[in-house]
Structures are given as structure tokens and as C-alpha cells.
Amino acid sequence: MTFHTGISAPSRRGVMKGMGAAAAVLATPGVLRRAYAQDPIVLLTWETYHDPAWCKEWSEANGVEVKPVVIGSVDELFSQPFSGAVQPDIMYIETGSLPRFKEAGLIVPFDTSKVPNIKNITPNLAWKKYTDVGGEVVGVPYNWGTQPLMYNADLIKSPDSWAALWDEQYRGKVNIFDDCTIVFPMIALYAGAKDPFNLTDADFAKCEDALRALRPQIRTIARGFDDAVTIYAAGDAVIGYCQNIAVVTSLQDKGKNFAYSLPKEGTPTWIDCTGVSKKGNRDIVYKFINDNLSTKWQARFIESSTNNGVLDLSEAKAGGVTEKTLARTNIPDSQAGDFWDKLVILQKPEDFERRLQIWNDFKAGTL
């Protein structure tokens, strides 16, 4: 069984070597690089969120370079700024982690007055109560998504409970991804916790038992979206906890018959919010954020990635998102009144460090 521990942050030595190599290239005759008047906008973002071509297009139109750095987990997102290798202006943070990022000084209060395109965020997404930390708004949504139970529909028929991950017939064929923040609420829901974000000692004991029983089910733990797609496509997993439904649609694009369901215990759901660092608290950064919430940008994002973005159904259609693409997102389903009742929006946990220790013990096989 292989347990990856996430994509490690570049070391200071690696960064210096990279800077030296870049300097050598720039010093070579005939190599030209456009000079920008302002400091670049550095993003800590997720796979599929910021296509380099889009960032280049925006950079050239606005005279400021945008540098997207892709991360693979919330835990990595939190640790990267402390490594010294990357100093982000913008981070894309799920709601449950916003308090931790604010308390660590990684983000500052968000100036919503500089982002008029907030009006484009669907009213179905009740984001304001999740982005208020200590009476201050610290982020605005860029994308949201469910984390359902995914499965190979050629082999499995519509499972409706997280218990399927513990089914002996799938031993060695279950996949989850390496992210304590995101996975632990699913474990808590399976274990029957009344509130998956405020666990009692008894709840923690049940979660430990559940994780201990789950480990033999898993051969490989995924490091990110692309890694998960590779694992499922190779047949190394047939069922698992889905980090993003883009994993399912990517497999479908490869001709694999994968589907997903929303289990009866509840489906953890994230709202990834744009958070601004102290370094990023400048007008040009807010312009980039505002443009990212335009109907044009969001529609392109949804169409190309099958993410949900933040547009409602009518705005997505008006922006040019096709019916075929919409059918592969949660956007049409989210119009139903009972849809949100099936979801569990990620919130601040009672003791993240305790969860992380249990998670690390689970991965190490010492739980």
C-alpha cells in the first residue's frame, strides 16, 4: 500500500537554484522577457482553477504578471507561505479553514467594496455566514463543490452510504485523498457524529476506529485531482471519496464509466474563497479578483473544467456554458429546494491539531 503525503513545498535551496537558472537564461543573448512595472500577483491555487493561458491573457491586458502556483491539499496551502519558497498575494481557502488562516496572519480582512462582481455570486450559495470571522469578511467565493461518493458504475450500482467504503468486497480498491481537513468530516459523518465539526471524545474514538478499519481497504492515497484520475483510470481503485467531481468528469472523458452519489449521512461540501494576504492587499490584486468573478471568466472556468464556479443557472447559460457541461456540474441540481439539505458545508473544527495527529497516525499505520 502506497501512502503519498502530499506535494512537498520547494526548499529554500531549490528555490535559489531555480532563481539562479532563471537568471542565467535571462542573461543569455537573444532571450527576451517582458518587464512589468508592478510586482507580480502570486496565486496559491488549485488544479483547473487558473489556466496559465488565461493568466497570461489577463497579465498582458493589465500590465501585471500573474503567477499561479498549484497546490494539492488544504494542509499544503497552509504550510506553503511559511516555507519561504512562495509568498502569495491570493490563496483559495475553503470556508472551514478561513479562521485558521486569519489567526495565523496569512490573510487580512477582505475589502468587498473593491469587488463589485460579487453581485454575480448565485444567491443559492449562502456564503456570507461562513466567511465572517470575528465580525470581518475574510474572503469571497470563487468556486464551490460537493465531495461525494464516487464509483465505477460498471461494477457498482448507486451506493447511498459512506459505509460502502468499508465494504470488504472493495478491499484494496478504495481511494481517498491526502487532506485531513477535507476527509475527516466524511469519517465523522460515517461514524455517526451529531456535529462533524464539534466532535466529543466519544466521537473521536469512533473516528479512530473507523480509520483503523478503513486502512486495509486502501491501496493508494491520492495527492490531488490528476493523481486520483490516474489511480482510478488504472483500475487501482473502483470506489472512493471524491475530492472534486472534476475527477469523475475527467474519467468520463477518458471513456471510463464513473459516477457519484450523495450519501444519506450527508455530503461534505466546500466553498473555496479568495483570501488576500497582507502583501496582496493592493488595488491591482482586487482588480484580478473582480475580473475572476465576471460572468465571462466564470463561464469559461465552468465550461473548461466542469467546476461549479459561482454563477447561478441562468447566468451560466447567459455566459455561454453549454447544456452538456451544465449536466456534468451541480449547478442544475442546486436549484432544487432540498439539494442543500443533503450537504454539509465545511466549518472550523473543534481541534484541528488533534484531527491532524490522528490523520498522520492513520497514514503511518500507527493508529
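As a reminder, the structure under discussion sits directly above these lines.
Residues numbered from 1 in each chain as written. Predicted model: local features only at pLDDT ≥ 70, side-chain atom pairs only at ≥ 80, totals over all residues. Heavy atoms only, no water.

Student: What am I meant to see in the environment of V276 here?
Tutor: Locating V276 in the fold gives a position in strand β13 (residues 267–276). It is 7.8 Å that separates the C-alpha atoms of V276 and P109, two residues lying 167 residues apart in sequence. Apart from residues no more than four positions distant in its own chain, V276 is found in contact with D89, L106, I107, V108, F110, N281, Y286 and I289. (Helix = DSSP H or I, 4+ residues; strand = E, 2+ residues; numbered from the N terminus. Contact = heavy atoms within 4.5 Å.)

Student: Sorry, what's going on with the pattern of salt bridges here?
Tutor: If charged atoms from side chains of opposite charge come close, those side chains can pair. A complete count under the given rule lists 17 salt bridges for this structure. Measuring nitrogen to oxygen at the nearest pair gives 3.4 Å for the salt bridge that ties E57 to R300. Taken together, the residues span a long stretch of sequence, with E57 in helix α2 (residues 52–62) and R300 in helix α11 (residues 295–305) at a distance of 243 residues. A residue is classified by how much of its surface remains accessible, and R300, at 25% relative accessible area, is partly exposed. (Salt bridge = Lys/Arg side-chain N within 4 Å of Asp/Glu carboxyl O. Buried < 20%, exposed > 50% of the residue type's maximum accessible area, 1.4 Å probe, protein only.)

Student: In this structure, what is going on with empty space enclosed by the protein? I would like to understand it.
Tutor: If you roll a probe as big as a water molecule over the atoms, it shows you where there is empty space left. The final tally for this structure, using the stated rule, is 3 cavities of 30 Å³ or more. By volume, the largest cavity is sized at about 100 Å³. The wall of the largest cavity is formed by 13 residues, among which W46, Q147, Q243, W270 and D272 lie closest to the centre. The residue inventory of the lining of the largest cavity, partitioned by class, reads 7 nonpolar, 3 polar and 3 charged. (1 Å grid on protein atoms, 1.4 Å probe; cavity = no way out; pocket = protein on both sides within 12 Å on 5 of 7 lines; lining within 4 Å. Points joined across faces, edges and corners; volume = space filled by probe spheres on them. Nonpolar A, V, L, I, M, F, W, Y, C, P; charged D, E, K, R; others polar.)

Student: Looking at this structure, how should I read the packing of aromatic side chains?
Tutor: Each pair of aromatic rings is reported with the distance of its centres and the angle of its planes. Tallied over the full model, the rule gives 20 aromatic pairs. Between W54 and W297 the ring centres are 5.7 Å apart and the planes differ by 80 degrees, which places this aromatic pair in the edge-to-face class. Highlighted residues: W54 in helix α2 and W297 in helix α11, separated in sequence by 243 residues. The exposure classification of W54 matches that of W297, with both residues buried. (Phe/Tyr/Trp six-rings, centres within 6.5 Å; stacked < 30°, edge-to-face > 60°.)

Student: Honestly, the sheet that holds strand β9 (residues 174–175) in this entry has me stumped. Any pointers?
Tutor: Within a sheet, neighbouring strands are paired by backbone hydrogen bonds and run either parallel or antiparallel to one another. With mixed pairing, 4 strands are arranged side by side in an open sheet as β9-β11-β8-β12. Across the chains shown, the open sheet's two edge strands, defined by having one partner strand only, are β9 and β12 (258–261). When strand β8 (residues 149–152) meets strand β11 (residues 239–241), the two strands line up antiparallel, connected through 3 bridges. The residue of β11 that forms the bridge with Y151 is I239. (Pairing = 2+ DSSP bridges.)

Student: What should I look at first to understand the packing of helix α6 (residues 180–190) against helix α14 (residues 352–364) in this one?
Tutor: The angle between the axes and the distance between the axes are what describe a pair of packed helices. Closest axis-to-axis distance for the α6/α14 pair is 10 Å, and the angle between their directions is 85 degrees. Of the possible angle classes, the one that applies to α6 and α14 is roughly perpendicular. Contacts between α6 and α14 involve C180, T181, V183, F184 and P185 from the former and F352, R355, L356, I358 and W359 from the latter. Classifying every residue of the contact of α6 with α14 by side-chain character gives 8 nonpolar, 1 polar and 1 charged. (Axes fitted to C-alpha atoms, helices over the stretch in contact; angles between N-to-C directions. Parallel < 35°, antiparallel > 145°, perpendicular 65-115°, else oblique.)

Student: So what exactly am I meant to see when it comes to the pairing of β8 here?
Tutor: Across a regular strand the side chains alternate sides, sitting on one face of the sheet and then on the other. Neither face of β8 is open: one carries L149 and Y151, the other M150 and N152, and all of them are buried. As paired elements, β8 and β12 share 4 bridges and run antiparallel to each other. The residue of β12 that forms the bridge with M150 is Y260.

Student: What is the right way to look at the side chain of T45 in this model?
Tutor: Counting through the fold element by element, T45 comes out in strand β2 (residues 41–46). Here T45 falls in the buried class, since its relative accessible area comes to 1%.

Student: Is there a simple way to explain α11 in this structure?
Tutor: Residue pairs three or four apart in sequence face the same way in an α-helix, which turns once every 3.6 residues. Restricting attention to buried positions, one finds in α11 the residues T295, W297, Q298, A299, F301, I302 and S305. Those residues of α11 that are buried are in contact with α2, β7 (140–146), α9 (246–253), α10 (283–292), α12 (313–318) and α13 (323–326). Phi for T306, located one or two positions after α11, is positive at around 60 degrees.

By themselves, these figures tell us nothing about what the structure is for.
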